[in-house]
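# Working through the structure, step by step
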Amino acid sequence: MSSSPSTMALPAPPPAAPGFSLTPPTPPQPQRTIWGLDPSQLHTRYWASNGVQVVRQGEPSEIVKYAELFLLTESPTFTLFKLSDVVDALNWIKPQLLFIRLHDTRDRTYREHVVTDEFDQFVRFERRYEASSRLTRVALTPDRDVAKLWQSAPDALTGWRRLRRFIPRTERATFSVDGHIYDRTAPGEVAHFIYDLVARWHRPDSTVLRARLMHGKVWRDAQAKVDPAVKFIGPVWVGCGRKIAPSEMPIVGPTVIWDDPQNRPVNDDIHWLHIEPTPTPEETPQPRPHSLLDRVAKRAFDICFATAGLLATLPLYPFIMLAIYLEDGRPFFFAHKRETRGGREFPCVKFRSMRKDAEKMKALLKKTNHADGPQFFMEHDPRLTRTGRFLRKYNLDELPQFWNVLTGDMSVVGPRPSPHKENQYCPPWREARLSVRPGITGLWQVKRTRRAGSDFQEWIRYDLEYVEKRSWWMDLHIIWQTVAGILGKVSK
């Protein structure tokens, strides 16, 4: 049976001589550059403009002594995120290593994939969408030795394990932020990175000496020629050797006009002593101004509400005290020193919910702290008594704080009362929250999520939000949410 010409078998080609190929290999295409820098070098320069050296696992490079921070990242990724909030956390908590959970929720693009059969014949196009959400981790450290430890790891998994093994838990912290993650091995991802970088990097001349500001957000290479009549819309970068003449259509950014491949400049060094300063944190938030009438009215409301609260809950006191006594004896109440308006200390009174040796146990349990800031929190705290666990669940342990409201040390609604030690972590946060009385309940208490690595961030955020925006409606809404939350627990 003869074969048709389309399926006739062809003789195998002769074997190639050792060390030679029948077809010459295709030379790799050089990466495009702008101002002599490829995308990976641009990523490095961007972070250097904020005083941060990118340190990749398994990629040897000099750990510079003038960098303020070191960004520890895995080789296949580029990352962009807002640095100012992270730097604030480093300043407040002062860990040796800050792990960052970077969450990217951008809408992703799709690719058309050609599907063929077993004979390599076209069947159909298949649209494949990329993931709509990504999560990766990076780390920040001010310690050069920690950066070297990461860089010398043979692989990423070993690197992360080394960091956790050699750095004590008390010297580590975790922070969750939204940002962008890019796969630097995928051309489409690199294109996304360049687009976002051009849009957000307003001063590339801080670490790229060849960059010259033309006007607005247009930057050109020192050896590029751009006609003054050319119209630009949005941020645009013009590379070395390019000649841009006027046309009817404007150049719309964010975009990059890459270097002329025949005229690529030599990279300049990073001048670490002359970098763009890291954006400074906002000034101390100012409390919303309230008139004398507002302050008198709030105080009158606190007195009336606290009096009603005490009268309504006093019948519960004998039963609560009896339960505490039967399980763990006296005392019935526990008073802890907290700070009120102006930093004045006062005894914050609660029903005792913990064992008598709770403070000694806290020192032993410090390494198991689930909170990411100065607080101590455990999901199943062994210091709690059975009665205390019940009181905590329904917020009954806080009933005596109505007395603190009557004495003027607290308010019904306000920031969480904190001791002096906790208030030292962030001066702007401290000054704002101590400008008002602390509350039995507050915005943080009704909105916190208890997500790992974000509790301290939420605490600061909601305290400052309350101080800046507090109003009668906000107070009433917080009280309603608090009561609804307690009733919801009771009904379960």
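Fair warning: this is a prediction, and the values are worked out from it, not measured in the lab. (Residues numbered from 1 in each chain as written. Predicted model: local features only at pLDDT ≥ 70, side-chain atom pairs only at ≥ 80, totals over all residues. Heavy atoms only, no water.)

### Regarding the overall build of the chain
Assigned secondary structure in the chain consists of 14 helices and 20 strands. Counting contacts in the chain only where the partners sit at least 6 residues apart, residues at least 24 apart contribute 64% of the total. Summed over all atoms, the accessible surface of the chain reaches about 28,200 Å², with 57% contributed by carbon and sulfur. (Helix = DSSP H or I, 4+ residues; strand = E, 2+ residues; numbered from the N terminus. Contact = heavy atoms within 4.5 Å. Areas by Shrake-Rupley, 256 points an atom, 1.4 Å probe, with all protein chains shown as cover.)

### Quick word on the packing of helix α7 (residues 317–328) against helix α9 (residues 386–393)
In helix packing, the relevant descriptors are the interaxial angle and the interaxial distance, both defined with respect to the helix axes. In contact at an axis separation of 9 Å, α7 and α9 are set at 150° when each is read in the N-to-C sense. Taken together, α7 and α9 sit at an angle that is classed as roughly antiparallel. Contact residues: α7 offers Ile320, Ala323, Ile324 and Glu327, while α9 offers Arg386, Thr387 and Leu391. Class assignment of the residues belonging to the contact of α7 with α9 gives a composition of 4 nonpolar, 1 polar and 2 charged. (Axes fitted to C-alpha atoms, helices over the stretch in contact; angles between N-to-C directions. Parallel < 35°, antiparallel > 145°, perpendicular 65-115°, else oblique. Nonpolar A, V, L, I, M, F, W, Y, C, P; charged D, E, K, R; others polar.)

### Describing the pairing of strand β8 (residues 172–183)
Where strand β3 (residues 77–81) and β8 come together, 5 bridges link them in antiparallel fashion. Along β8, the bridge assignment pairs Leu80 with His180. Note: strand β4 (residues 97–104) against β8, 7 bridges, orientation parallel. When the bridges of β8 are listed, His103 appears paired with Asp178. (Pairing = 2+ DSSP bridges.)

### Points about the environment of Ile194
The residue Ile194 is located in helix α5 (residues 187–200) in this model. Its relative accessible area of 7% is what places Ile194 among the buried residues. In sequence terms Ile194 and Pro39 are 155 residues apart; their C-alpha atoms lie 7.1 Å from each other. With residues near it in sequence (within four places) discarded, Ile194 still touches Pro39, Leu42, Val256 and Trp258. (Buried < 20%, exposed > 50% of the residue type's maximum accessible area, 1.4 Å probe, protein only.)

### Notes on unusual backbone geometry
Here Gly253 and Pro254 are connected by a cis peptide whose omega angle stands at 5°. If you trace the backbone, Pro254 turns up in the loop between β15 (251–252) and β16 (255–257). With omega at 0°, the peptide bond leading from Arg330 into Pro331 counts as cis. Take Pro331: it is sitting in the loop between α7 and β17 (333–339). With a phi angle near 60°, Trp35 is a residue other than glycine that sits in the positive phi range. Among the structural elements, Trp35 can be located in the segment before α1 (39–48). For Trp35, a relative accessible area of 0% translates into the label buried. Phi is positive for Asn395, which is not a glycine, with a value near 60°. Along the chain, Asn395 turns up in the loop between α9 and α10 (401–406).

### Side note on helix α6 (residues 292–313)
In a regular helix each residue adds 1.5 Å, so 22 residues correspond to 32 Å; α6 covers 31 Å between its end C-alpha atoms and thus fits that length. When α6 is considered as a whole, its buried residues turn out to be Lys298, Arg299, Asp302, Ala306, Gly309, Leu310 and Thr313. For α6, the buried positions fall inside an angular range of 100° around the axis, keeping them on one side. More than 90 degrees from the buried face of α6, the exposed residues found are Leu293, Cys304, Leu311 and Ala312. (Expected span 1.5 Å × (residues − 1). Arc of directions from axis to C-beta.)

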